[in-house]
Amino acid sequence: MVRRILTVTGIIGAITGMVLVCYIAILGMFEYRTDTAKLRADHMRNNYERLQQYVDTQYRSIIFDTRNAEKELQRSLNDELNHYYTLLDTIYKKTPSDKRDLVIERFIKTVRKTDPRLYAVTYEGVALIFPENRDLEGKSIVDRRDDNGKAVIREELDAVKSEKQACVESSWNRNNGSSLSPEKRLSCLVRFDALDFYLGLGDWVTLNKPVSLRQIGERVGYAGEVLGYRFVLIDYEGNAVYHFDKGLKGKNISDERDASGKYITQEILKARNSNEGLVLNSERIDVTKERRKTILYCRDIPEIGAVLAAEADVIIEGDEYMQERSSLYSRATFRFISVLFIVTALILIGASLLHSMCRHYLLNTKRLIENFSRPLSKIEKADPKDFSLKEQRVCVDAFNRAIDEISNMTKKLIEASPVDSVTGLLNKRSMTDHLANELHLFKEFKNPFSLVYLDVDDFIQFTADLNKEQSQQLLCKIAEVITVELRRVDLASRWHGDEFLIILPRSSRLQAKLVSERIRKAVETICQVTVSAGVVSCRTGDTIDELMERSRRALEKAKSEGKNSTVMI
């Protein structure tokens, strides 16, 4: 009887072992195929991500150069315009009060020979000096529009009415309509209230010399060749400013096709309609007459009126790929042999330990593993008395202590953090320290500063239909708008709920009000909500409580006057 039981047990064990080995072998084969497919996909994705990252790097570099050129031009125009303003003011003061009409005549004679870019327009929109078309001098040009349909003179009049000095952008075609992309013109303005007109000085925004489109193409092309990429820089008319094929450089390639017959240039120019870049699949025939699949990543650069495209071959079976595939095969083989050995050992010793493990270990261990496999925030404490084995109880005690320590450390970190956990701005405690420091600097060194106290109008009603996460996203968006509008030395904090407090060092109340107005308008435009603000400046003898009380009164006054406004006390 015992022999029969042992025989049956042996047969069952052998069959079970063979089934397990076959199952593990099949599972390993499928796992190897899955890993190989994943490896191929990872190589494809990595190749594309490297290509995209490199093109985006070149794009940011070009944008940086262009924006620096615009800032330099604006600074230069403002300096020159201040010179002409001083000249006009000198002529005005030297002219008798009963002959003010001679001021403009003398000024025109002086500036026509020095700078043909200077123009003057009355507050009614009449051109006094207009070198672009002298026939318009003495006539109303208030309805003059640029190539994009913008009423430029009206915008300039609105700008100089709100500020003494301003800057306006417009788009004009300097190539008699032959270009598809108008060029940007920057006009700096200054108001001359004594004679009711303003001066304007305009120039074209171009890249800093000696940088040009051709040099940009040469630069990115040389850098791309080192990494195995082929670059093309095409203007909006389809001209190849730079092309990796030297024979096409400088030519119009609007009708160029790839090996599959696709009008590839026209496809590249479609990137003008994409803000995040455009990915294209293509084919081309290389020097060995082989057809290769390629991928292109295209970025539109409106600042220079061109599209940048980089091409790379879709190649997977390289040395690196084969090495990794061989490593996967070796790992799968080793795993199969290891599992075969373990299964054999388990079959030999499993019968004698199965009952004990099921009773004293497996059931409790499964429950323990399920608990500790959850995310850290969802792990529950366990009672050591519920487990029979000593090792299990020790493990449970250790996990319980770790959970307590992690919870305590998390609370301490949150309490010690100077940053608001929702918006990323300073929290109230940290802002109070900065405010005390600014008061100290004011008392010791007379360094002025101002406060802007912001509050979102009807925040509770606006977020009534939103969940907590959506409400926090709105606060984060408002915080981002505030940060963009501030200087580096300015400090912003989430003071309480939907209230924000801003410190503006070395700023008067008027300057603080201008900053507050910019923030208010930007929040209304971007976040689709309105804010009210109270603005105050530090006075001699002020304390933190007095400053906050004045700013709170200013905010309450803004609320009572209809909201969506700034009140200065």
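Residues numbered from 1 in each chain as written. Predicted model: local features only at pLDDT ≥ 70, side-chain atom pairs only at ≥ 80, totals over all residues. Heavy atoms only, no water.

Please explain unusual backbone geometry as it appears in this structure.
Look at Arg 506: it is not a glycine, yet its phi comes out positive at around 55 degrees. Mapping Arg 506 onto the fold places it in the loop between strand S13 (499–505) and helix H11 (509–527). Residues other than glycine seldom take positive phi values, yet Asn 564 does so here, at roughly 50 degrees. Mapped onto the secondary structure, Asn 564 falls in the loop between helix H12 (544–560) and strand S15 (566–568). On the basis of relative accessible area, Asn 564 is assigned to the partly exposed category, the value being 23%. (Helix = DSSP H or I, 4+ residues; strand = E, 2+ residues; numbered from the N terminus. Buried < 20%, exposed > 50% of the residue type's maximum accessible area, 1.4 Å probe, protein only.)

Hey, could you run me through the packing of helix H8 (residues 428–445) against H12 in this one?
Helix packing geometry: the angle between the two helix axes and the distance between the axes. Where H8 contacts H12, the axes come no closer than 10 Å and their chain directions differ by 105 degrees. Considering the angle they form, H8 stands roughly perpendicular to H12. Residues Thr 432, Leu 435, Ala 436 and Leu 439 of H8 pack against Ile 544, Leu 547 and Met 548 of H12. By residue class, the composition of the contact of H8 with H12 is six nonpolar, one polar and no charged. (Axes fitted to C-alpha atoms, helices over the stretch in contact; angles between N-to-C directions. Parallel < 35°, antiparallel > 145°, perpendicular 65-115°, else oblique. Contact = heavy atoms within 4.5 Å. Nonpolar A, V, L, I, M, F, W, Y, C, P; charged D, E, K, R; others polar.)

Honestly, the pattern of salt bridges in this entry has me stumped. Any pointers?
Side chains bearing opposite charge may pair, as long as their charged atoms lie close to each other. Taken as a whole and judged by the stated rule, the model has 23 salt bridges. Of the charged contacts in the structure, one is a salt bridge between Arg 117 and Glu 80, with a shortest N-O distance of 2.4 Å. With Arg 117 in the loop between helix H2 (101–112) and strand S1 (118–122) and Glu 80 in helix H1 (residues 2–94), this residue pair connects regions lying 37 residues apart in the sequence. Asp 313 is the partner of Arg 230 in a salt bridge, and the nearest nitrogen-oxygen pair spans 2.7 Å. With Arg 230 in strand S6 (residues 230–235) and Asp 313 in strand S10 (residues 306–313), the pair connects residues that are 83 residues apart, well separated along the chain. Comparing Arg 230 with Asp 313 shows no difference in burial state: the two are buried. (Salt bridge = Lys/Arg side-chain N within 4 Å of Asp/Glu carboxyl O.)

Any chance you could explain H11 here in plain terms?
Every α-helix carries 3.6 residues per turn, so stepping three or four residues along brings you back to the same face. Over its 19 residues, H11 extends 26 Å from the first C-alpha to the last, a length consistent with the 27 Å expected when each residue adds 1.5 Å. Where H11 is concerned, the buried positions are Ala 512, Val 515, Ser 516, Glu 517, Ile 519, Arg 520, Ala 522, Val 523 and Cys 527. Considering only its buried residues, H11 is in contact with strand S11 (449–456), helix H10 (468–485), S13, strand S14 (531–537) and S15. Count one or two residues on from H11 and you reach Gln 528, which has phi positive near 60 degrees. (Expected span 1.5 Å × (residues − 1).)

I tried to follow a nonpolar patch on the surface on my own but got confused; where do I start?
A surface patch of nonpolar side chains, about 570 Å² in accessible area, is lined by Phe 341, Ile 342, Leu 346, Leu 348 and Ile 349. You can see Leu 346 is positioned in helix H6 (residues 319–372). (Patch = residues over 30% accessible without salt bridge, like charges linked within 9 Å, V, L, I, M, F, W, Y side chains within 5 Å. Areas by Shrake-Rupley, 256 points an atom, 1.4 Å probe, with all protein chains shown as cover.)

Hey, could you run me through the nonpolar core in this one?
Most often, soluble globular proteins keep nonpolar side chains buried together rather than apart. One finds Leu 454, Ile 478, Ile 482 and Ile 502 to be the most contacted residues of the largest nonpolar core, which totals 26 residues. Breaking this core down by element, the ones donating at least two residues are S11, H10, S13, H11 and S14. For Leu 454, the residues in contact, after removing those within four places along its chain, are Ile 482, Asp 498, Glu 499, Phe 500, Ile 502, Ser 516, Ile 519, Val 531, Ser 532 and Ala 533. Counting 23 residues, the second largest nonpolar core, distinct from the first, contains Leu 73, Leu 81, Leu 88 and Val 103. (Core = buried A, V, L, I, M, F, W, Y, C linked by side-chain atoms within 4.5 Å.)

What's the story with the pairing of strand S12 (residues 491–496) in this structure? I'm lost.
Of all six residues in S12, five are buried; the element is thus mostly enclosed. Note that S12 and S13 share five bridges and pair antiparallel. Pairing of Arg 494 across the sheet is with Phe 500, part of S13. From the end of S12 to the start of S13, which pair antiparallel, there are two residues, and Gly 497 there has a positive phi angle of about 55 degrees. (Pairing = 2+ DSSP bridges.)

What am I meant to see in the packing of aromatic side chains here?
The relation between two aromatic rings is expressed through the spacing of the ring centres and the mutual angle of the planes. Tallied over the full model, the rule gives five aromatic pairs. Ring centres 6.5 Å apart and planes at 80 degrees place the aromatic pair Phe 442 and Phe 449 in the edge-to-face group. With relative accessibility at 10%, the residue Phe 442 sits in the buried group. Cation over ring: Lys 446 sits above Phe 442, and NZ or CZ is 5.9 Å from the ring centre. (Phe/Tyr/Trp six-rings, centres within 6.5 Å; stacked < 30°, edge-to-face > 60°. Lys NZ or Arg CZ within 6 Å of the ring centre and 35° of its normal.)

That is the geometry; function is a separate question.
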